[in-house]
Amino acid sequence: MTLAERLAILGPETLAKIRARVALAPEPTDELVEELRRIMTRPGGEIPTRRPTTGTEATER
């Protein structure tokens, strides 16, 4: 959404209030940034590695 679209929907007063509220928020800690970076880069967790097949999997089914 562009700034013009937000302005049209919310109005300048509401956007000013949002910006003022955001300005009051503290800076995130380095630990929080690192944790969020891990979540955003791998939201599903670690990618599972494929196990080598032994040849018995097909006969067990």
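In this text the structure is predicted, and so the values were computed from the model without any measurement.

(A) Expanded view of the overall build of the protein. What the protein contains, in helices and strands, is 4 helices and 0 strands. Each helix and strand of the protein, placed in order from N terminus to C terminus, yields the pattern α-α-α-α. Across the 61 residues in the protein, those meeting the buried criterion constitute 3%.

(B) Representation of a nonpolar patch on the surface in the model. A contiguous nonpolar surface patch, about 520 Å² in accessible area, is contributed by M1, I9, L10, I18 and V22. Secondary structure elements with two or more residues in the nonpolar patch: α1 (3-10) and α2 (12-24). Mapped onto the elements, V22 comes out in helix α2. For V22, a relative accessible area of 58% translates into the label exposed.

(C) Up close: the pattern of salt bridges. Considering all chains together, one arrives at 2 salt bridges under this definition. For E34, the salt bridge goes to R37, with nearest N and O atoms at 3.2 Å. Here E34 pairs with R37, and both are found in helix α3 (residues 30-41), just 3 residues apart, close to one helical turn. Given a relative accessible area of 35%, E34 falls into the partly exposed group. Note that E34 and R38 form a salt bridge whose closest N and O atoms lie 3.9 Å from each other. Placement of the pair is E34 and R38 together in helix α3, with a separation of 4 residues, close to one helical turn. Overlapping salt bridges bring together E34, R37 and R38 as one network.

Each value, and the rule that gives it
- Residues numbered from 1 in each chain as written.
- Predicted model: local features only at pLDDT ≥ 70, side-chain atom pairs only at ≥ 80, totals over all residues.
- Heavy atoms only, no water.
- Helix = DSSP H or I, 4+ residues; strand = E, 2+ residues; numbered from the N terminus.
- Buried < 20%, exposed > 50% of the residue type's maximum accessible area, 1.4 Å probe, protein only.
- Patch = residues over 30% accessible without salt bridge, like charges linked within 9 Å, V, L, I, M, F, W, Y side chains within 5 Å.
- Areas by Shrake-Rupley, 256 points an atom, 1.4 Å probe, with all protein chains shown as cover.
- Salt bridge = Lys/Arg side-chain N within 4 Å of Asp/Glu carboxyl O.

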